[in-house]
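For reference, the chains in residue letters:
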Amino acid sequence: ALLPMPRREGRVGVMKVLFALAVLASLATTAHAIYEDQVGSFDWHKEHLGRVTHATFVGSGATKRAFVASEQGAVSALDFKTGDIAWRHVLEPGDAVDRLVVAGRVLLSL
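Residues numbered from 1 in each chain as written. Predicted model: local features only at pLDDT ≥ 70, side-chain atom pairs only at ≥ 80, totals over all residues. Heavy atoms only, no water.

Peer 1: Please give an account of the packing of aromatic side chains that cites residues and values.
Peer 2: Using the criterion set out here, one finds two aromatic pairs in the structure. Look at Phe-57 and Phe-80: their rings are 5.7 Å apart centre to centre, the planes differ by 85°, and that puts the pair in the edge-to-face class. Taken together, the positions of Phe-57 in strand β1 (residues 52–58) and Phe-80 in the loop between β3 (74–79) and β4 (85–90) put the pair 23 residues apart, joining distant regions of the chain. By relative accessible area, Phe-80 is classed as partly exposed at 43%. Where Phe-67 meets Trp-87, the ring centres are 6.1 Å apart and the plane angle is 45°; that geometry is what we call tilted. With Phe-67 in strand β2 (residues 65–70) and Trp-87 in strand β4, this residue pair connects regions lying 20 residues apart in the sequence. Look at Trp-87 and you get partly exposed, because its relative accessible area is 36%. Above the ring of Phe-80, the side-chain terminus of Lys-64 is found at 4.5 Å from the ring centroid. (Phe/Tyr/Trp six-rings, centres within 6.5 Å; stacked < 30°, edge-to-face > 60°. Helix = DSSP H or I, 4+ residues; strand = E, 2+ residues; numbered from the N terminus. Buried < 20%, exposed > 50% of the residue type's maximum accessible area, 1.4 Å probe, protein only. Lys NZ or Arg CZ within 6 Å of the ring centre and 35° of its normal.)

Peer 1: Tell me about the confidence of the model for the protein, and please be specific about residues and values.
Peer 2: Of the residues in the protein, 76% have a pLDDT of 70 or more, and the chain-wide mean is 77. When the elements of the protein are averaged for pLDDT, helix α1 (residues 8–27) gives the smallest value, 71, and β2 the largest, 89. (pLDDT = per-residue confidence, 0-100.)

Peer 1: Could you give me a rundown of the sheet that holds β3, with the residues and numbers involved?
Peer 2: Spatial strand order, β1-β2-β3-β4: four strands in an open sheet with antiparallel pairing. The open sheet is flanked by β1 and β4, the only strands paired with a single partner. Strand-to-strand twist across the sheet, computed as the mean angle between neighbouring axes with direction ignored, equals 15°. Pairing of β1 with β2, which is carried by six bridges, proceeds in the antiparallel orientation. Paired with Thr-56 across the two strands is Phe-67, which belongs to β2. (Pairing = 2+ DSSP bridges. Axes fitted to C-alpha atoms, helices over the stretch in contact; angles between N-to-C directions.)

In structure tokens, the structure reads:
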């Protein structure tokens, strides 16, 4: 006895649905935040930097860095993964940072 061949159209439709579900699942992300009453309790702080006023992030993977400026006039590079200070420069008294900009391999403090 000959069995009918399965319809290809049905299998293609199921594959399209499964692909669409996989794409939607990959787009789902999680967000982490703190509640309003936790402000001040869980603020980020790093020794020898002071209160951070400006930050910018560059790189990817193992080379990701955070460049920060503080109220105390320190400009620093932090290893994003460990939080270690890669380098730190204290500005002259009276100098302030209004903005940090990364241009290629150069960090500009404006």
